[in-house]
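# Geometric and topological summary
One-letter residues, chain by chain:
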Amino acid sequence: MKMRKIKSGLLVAVVTTGAMFALESCKSDPASPGFEYMPDMYRSASYKAYEVNPVFADSTGARLPVKGTIPRNGMYTNYVPYEYPNTNEGYEAAGTSLKSPLAATAPIIAEGKRLYGIYCVHCHGEAGDGQGWLVTGGKFAGVPSYQAQLKDLPEGKMYHTLMYGKNMMGSHSSQLNMTERWSVVRYVQTLQKAVPQQPILQQLQLKTVLKRNNPLRRDELRYI
Ligand code: HEC
């Protein structure tokens, strides 16, 4: 007898609980999730990025990064802080202590050459003699030669100039990332060591001397 009472009691409890669940889950509002077990697991108590946020005066949930924050990935790979200031002292300090992290390997020099052909050649010239077509075309002046004035320029100063620019040369820090800047510096170093081209005036003088003393024909002299 006692056993039967317990059994029916249990049955009532199970049916009631089932009915409660059934009724709770049959709401007419389609947007309602119905019964949620531990809703904190679905809905976090913190504000979402694009939600109105009363904590901040401007009510924007998505905050700007802290001033001085540096992007590490994405399109600005290699964006690292540059600690030499844009002053004469910074320039000199870069010259003595800033060293390239890239070895002068053939692929790096080749990449530097490619970039040089895009960003530098029109002023500095293919041979690095400062005779790019903007200079020879009379649009720009005062570009030094890597083999003459800049023969002994250390790599740190080159990099510094690429970061900040120097007098008439603008900064290239937004066009080239760190690896690209150092690659182009590696290529410029090969130009520093290249045999300087004969200045045009000397070539002309040479021609005259040759013409005077040489039995070569006029058309052959054209190719000297
Ligand atoms: C618009 C023309 C122009 C372009 C483009 C240009 N330069 Fe220059 N560059 C100059 C001029 C002018 C100077 C001389 C600056 C001075 O000393 O007054 C110079 C100087 C330099 C120097 C010597 C800096 C020093 O410390 O004395 C280096 C190295 C150099 N450029 C490398 C480059 C490289 C690499 C590129 C391409 C990424 C480049 N330049 C693009 C015009 C240009």
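Structure's up top.
What comes next is a walk through the structure. Note that the structure is a prediction, hence the values are computed from the model and not measured.

Core analysis: the largest hydrophobic core is formed by 16 residues, its most contacted members being Met 158, Tyr 159, Val 184, Val 185, Tyr 187 and Val 188. When contributions to this core are tallied by element, the ones reaching two or more residues are α3 (106–119), α6 (155–164) and α7 (178–193). Of all the elements, α7 adds the most residues to this core, at six residues.

Attention now moves to the site of the ligand. The immediate surroundings of the ligand are formed by 22 residues, with Tyr 119, Cys 120, Cys 123, Asn 167 and Met 169 found nearest. Those elements that place two or more of their residues in the shell around the ligand are α4 (121–124), α6 and α7. Examining the composition of the shell around the ligand, we find that four residues originate from one element, α6, more than from any other. When its residues are assigned to classes, the shell around the ligand shows 14 nonpolar, six polar and two charged.

Let's shift gears to unusual backbone geometry. Among all residues except glycine, the phi angle is most often negative; among peptide bonds, the trans geometry is most common. Positioned with a positive phi, Met 38 is a non-glycine residue whose angle comes to about 55 degrees. Here Met 38 is to be found in the loop between α1 (2–25) and α2 (88–97). In this structure, Ser 59 takes a positive phi of about 60 degrees despite not being glycine. Tracing the backbone through its elements, the reader meets Ser 59 in the loop between α1 and α2.

A word on the packing of α6 against α7. Orientation of α6 relative to α7, taken along the N-to-C sense of each, is 130 degrees, at an axis distance of 10 Å. If you check the angle between α6 and α7, you find them oblique. Read as a crossing pair, α6 and α7 show a hand that is right-handed. Side by side, α6 and α7 meet where Glu 155, Met 158, Tyr 159 and Leu 162 of the first sit next to Arg 181, Trp 182, Val 185, Val 188 and Gln 189 of the second. Residues of the contact of α6 with α7, tallied by class, amount to six nonpolar, one polar and two charged.

Residues that lie three or four places apart on an α-helix share one face, since the helix turns once every 3.6 residues. Between its terminal C-alpha atoms α3 stretches 20 Å, which fits the 20 Å expected from 14 residues at 1.5 Å a residue. Where α3 is concerned, the buried positions are Ile 109, Gly 112 and Tyr 116. All buried residues of α3 fall inside an arc of 55 degrees around its axis, so they share one side. Facing away from the buried side of α3 by over 90 degrees, the exposed positions are Pro 107, Gly 117 and Ile 118. Residues of α3 that are buried sit in contact with α4 and α7.

Reading the values: rules and limits
- Residues numbered from 1 in each chain as written.
- Predicted model: local features only at pLDDT ≥ 70, side-chain atom pairs only at ≥ 80, totals over all residues.
- Core = buried A, V, L, I, M, F, W, Y, C linked by C-beta atoms within 7 Å.
- Buried ≥ 20, exposed ≤ 12 C-beta atoms within 10 Å, placed from the backbone.
- Helix = DSSP H or I, 4+ residues; strand = E, 2+ residues; numbered from the N terminus.
- Near = placed C-beta within 6 Å.
- Nonpolar A, V, L, I, M, F, W, Y, C, P; charged D, E, K, R; others polar.
- Axes fitted to C-alpha atoms, helices over the stretch in contact; angles between N-to-C directions.
- Parallel < 35°, antiparallel > 145°, perpendicular 65-115°, else oblique.
- Left-handed = near helix turned anticlockwise from the far one by under 90°.
- Contact = placed C-beta atoms within 7 Å.
- Expected span 1.5 Å × (residues − 1).
- Arc of directions from axis to C-beta.

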